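Geometric and topological summary
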Amino acid sequence: DAGVTQSPTHLIKTRGQQVTLRCSPKSGHDTVSWYQQALGQGPQFIFQYYEEEERQRGNFPDRFSGHQFPNYSSELNVNALLLGDSALYLCASSPVFGTRISGANVLTFGAGSRLTVL
Amino acid sequence: KNEVEQSPQNLTAQEGEFITINCSYSVGISALHWLQQHPGGGIVSLFMLSSGKKKHGRLIATINIQEKHSSLHITASHPRDSAVYICAVQANTDKLIFGTGTRLQVFP
């Protein structure tokens, strides 16, 4: 059973460019969350998608946008890249409201996409 | 002040030592997660707690909801336990708020 898969694993962009990162959730999961992890820091919540809609959003500018497809996979788009956008971007999937189930450990993370902006 | 605070930030230990990592939080939560992150980025979920204590192998996690505090213990530590351990709280809105992590190095 494949877990969460993310692509690409590494990429390099220059300032002002746009980037699209992709995430396929674990089988049976339909909720996808995206996180940004700067070097030496804990991850920061970007947004969460369920039923193809953005359900929650963290404190990130509108340059960060996303999409969820009918097969539950998701994309993260970042426009007008800044040097400060260099980070590891993590995707995590879960069953809808499944992370509330007491005793169930259902949150699954992908290995991340490491973005470097030059 | 961060909503989730971990201590210590860095920890070194000799193989076989008992290790404790602490997490304090200041928001209302529905659950708390302990995560392990190895170099290269991959995060593995170790525990999800909403009360009491859980044990898996040499790992034990406890949470005190009243005191807003959780601990992760590693018994008989091993060099393969070397990683960053992250505490993340699940706010009542379902989003996760992460601590900055504790970098553990276990030497043989």
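Higher on the page you've got the structure.
Not measured: the values here are computed from a predicted model.

**Here's the deal with the pairing of strand E6 (residues 52–56) of chain B**
All names here are of chain B. Taking burial as the measure, the five residues of E6 include zero buried ones, a minor fraction of the element. As defined by bridge partners, E6 adjoins strand E7 (residues 59–64) across five bridges and the pair is classed as antiparallel. The residue bridging Lys55 from the neighbouring strand is Ile60, located in E7. Between E6 and E7, which pair antiparallel and follow one another directly, the connecting turn spans two residues, one of which, Gly57, has a positive phi of 65 degrees.

**Here we look at unusual backbone geometry**
A cis amide bond links Ser7 of chain A with the next residue in sequence, Pro8 of chain A, at an omega value of -10 degrees. Mapped onto the secondary structure, Pro8 of chain A falls in the loop between strand E1 (5–7) and strand E2 (10–13). Omega for the peptide link from Ser7 of chain B to Pro8 of chain B comes to -10 degrees, which places this bond in the cis form. Here Pro8 of chain B is to be found in the loop between strand E1 (4–7) and strand E2 (10–14). Even without being a glycine, Tyr72 of chain A presents a positive backbone phi close to 80 degrees. Phi is positive for Ala76 of chain B, close to 45 degrees, though the residue is something other than glycine. Among the secondary structure elements, Ala76 of chain B is positioned in the loop between strand E8 (69–74) and strand E9 (83–91).

**A short note on the sheet that holds strand E3 (residues 19–25) of chain B**
Residue and element names in this part refer to chain B. On the basis of which strands lie adjacent, the open sheet formed by five strands has the order E1-E3-E8-E7-E6 and antiparallel pairing. Looking along the sheet, the strands with just one partner apiece sit at the ends: E1 and E6. Each strand axis lies, on average, 15 degrees off the axis of its neighbour in the sheet, ignoring direction.

**A few points about the pattern of salt bridges**
What the rule picks out here adds up to five salt bridges over all chains. As a salt-bridge pair, Arg22 of chain A and Glu75 of chain A come within 3.4 Å of each other at their nearest N and O atoms. Taken together, the residues Arg22 of chain A in strand E3 (residues 19–24) and Glu75 of chain A in strand E8 (residues 74–78) connect sequence positions 53 residues apart. Residue Glu75 of chain A is classed as buried on the basis of its relative accessible area, which comes to 18%. The salt bridge partner of Asp81 of chain B is Arg58 of chain B, with a shortest N-O separation of 2.8 Å. With a gap of 23 residues between them, Asp81 of chain B in the loop between E8 and E9 and Arg58 of chain B in the loop between E6 and E7 connect regions that are remote in the sequence. The exposure class of Asp81 of chain B is buried, given its relative accessible area of 7%.

**Structural notes on the layout of surface pockets**
Estimates place the volume of the largest pocket at around 470 Å³. Only E9 and strand E11 (102–107) of chain B provide two or more residues apiece to the lining of the largest pocket. When residues of the lining of the largest pocket are assigned to their parent elements, the largest contribution, four residues, is made by E11 of chain B. Split by residue class, the lining of the largest pocket holds eight nonpolar, 14 polar and two charged. Here the second largest pocket defines a volume of roughly 330 Å³. Lining the second largest pocket are 17 residues, and of these Pro43 and Gln44 of chain A together with Glu3, Ile97 and Phe98 of chain B lie nearest its centre. Listing elements by their share of the lining of the second largest pocket, those giving two or more residues are strand E5 (44–50) of chain A together with strand E10 (96–98) of chain B.

Rules used in this analysis
- Residues numbered from 1 in each chain as written.
- Chains lettered and ligands numbered in written order.
- Predicted model: local features only at pLDDT ≥ 70, side-chain atom pairs only at ≥ 80, totals over all residues.
- Heavy atoms only, no water.
- Buried < 20%, exposed > 50% of the residue type's maximum accessible area, 1.4 Å probe, protein only.
- Helix = DSSP H or I, 4+ residues; strand = E, 2+ residues; numbered from the N terminus.
- Pairing = 2+ DSSP bridges.
- Axes fitted to C-alpha atoms, helices over the stretch in contact; angles between N-to-C directions.
- Salt bridge = Lys/Arg side-chain N within 4 Å of Asp/Glu carboxyl O.
- 1 Å grid on protein atoms, 1.4 Å probe; cavity = no way out; pocket = protein on both sides within 12 Å on 5 of 7 lines; lining within 4 Å.
- Points joined across faces, edges and corners; volume = space filled by probe spheres on them.
- Nonpolar A, V, L, I, M, F, W, Y, C, P; charged D, E, K, R; others polar.

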